[in-house]
Every structure is written in structure tokens, then in C-alpha cells.
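The chain contents come next:
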Amino acid sequence: QVQLVESGGGLVQAGGPLRLSCAASGTIFSNNVMGWYRQAPGNQRELVARITSGGSTNYSDSVKGRFTISSDNAQIAVYLQMNSLKFEDTAVYSCNLEQFPYGVRYAYWGQGTQVTVSS
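Small disclaimer: the values here were computed from a predicted structure and weren't measured.

How each quantity is defined
Residues numbered from 1 in each chain as written. Predicted model: local features only at pLDDT ≥ 70, side-chain atom pairs only at ≥ 80, totals over all residues. Heavy atoms only, no water. 1 Å grid on protein atoms, 1.4 Å probe; cavity = no way out; pocket = protein on both sides within 12 Å on 5 of 7 lines; lining within 4 Å. Points joined across faces, edges and corners; volume = space filled by probe spheres on them. Helix = DSSP H or I, 4+ residues; strand = E, 2+ residues; numbered from the N terminus. Salt bridge = Lys/Arg side-chain N within 4 Å of Asp/Glu carboxyl O. Buried < 20%, exposed > 50% of the residue type's maximum accessible area, 1.4 Å probe, protein only.

**Remarks on empty space enclosed by the protein**
- Within this structure, the stated rule accounts for one cavity of 30 Å³ or more.
- Looking at the largest cavity, its volume works out to about 50 Å³.
- In terms of lining, the largest cavity is formed by N32, M34, I51, T52, S53, S71, D72, N73, I76, A77 and V78.
- Secondary structure elements with two or more residues in the lining of the largest cavity: strand 4 (32-39), strand 5 (46-52), strand 7 (67-72) and strand 8 (77-82).

Spelled out as C-alpha cells, the structure:
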């Protein structure tokens, strides 16, 4: 079993920064991918950014150049530094972990943290 706990969400003015954190606990294998997803009311969940255990990253076009994902494999933690926030970034942000013990895919989700950007 894996548990993911997000923190750092809140209210922020447009143009400002915010940093999200995700702490993982449980049985975490070295081969894994962690990422941040978000879902606004009435919208589908979308990928924001993800990072592999090897350090490779991927971002959605809407956040490229503004958001940065990083990780600490020793502590199994993932961070999302968000800069130049826009009103349209308002959403519930959730942390995700995927791992593949013995070639079997397992996915886990955090509870989510609300990010609200005021215009």
C-alpha cells in the first residue's frame, strides 16, 4: 500500500508563486513515475507535469516555462513550483505515483489540494 499526501495549496494572486509538495509513504519501488494532475470544475482531469525516477520530466503545454517539477527519491517526495500563476490555473491538484513491481502497473493518488488564483 502507498499513501500520498499533498500540501501547499491555497489562495494566491495572479502572477504570484505557489509551491506544492507531495510526500509518499509505503512500499515504493525504484522504478516509478510521479506526477501532478489537476481538475477544474466542469473539466476533465489533465496532466500538469510528471517526473520519472531517472529524472526525466514532461509538462503540459499550458504550464511550460511557468511550472517546475522536482523530486527527492531518497525521501520519495515530489514538488511543483508554480510561477506566474493565472486564473485558469485554478483547480484541485492531485499527486500521482505509478510503479511497476515485477512488471505489474500500480497507480496511487493523493487526496488533492485546492489552488485558487484570484485575478
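There is more to say after this.
**Observations regarding unusual backbone geometry**
- Phi at I76 is positive, roughly 55 degrees, even though this residue is not glycine.
- Relative to the elements of secondary structure, I76 occurs in the loop between strand 7 and strand 8.
- Look at Y102: it is not a glycine, yet its phi comes out positive at around 55 degrees.
- Within the fold, Y102 resides in the loop between strand 9 (91-99) and strand 10 (106-109).

**Let's talk about the pattern of salt bridges**
- If you walk through the whole model with that rule in mind, you get five salt bridges.
- Put simply, D61 and K64 hold a salt bridge, and the shortest N to O gap is 3.2 Å.
- For D61, a relative accessible area of 65% corresponds to the exposed category.
- Residue E98 is joined to R105 by a salt bridge in which the shortest nitrogen-to-oxygen separation is 2.8 Å.
- The exposure class of E98 is buried, given its relative accessible area of 16%.
- By relative accessible area, which is 53% here, R105 ends up exposed.
- Here the residues in one salt-bridge network are R38, E46, R66 and D89, joined through shared partners.

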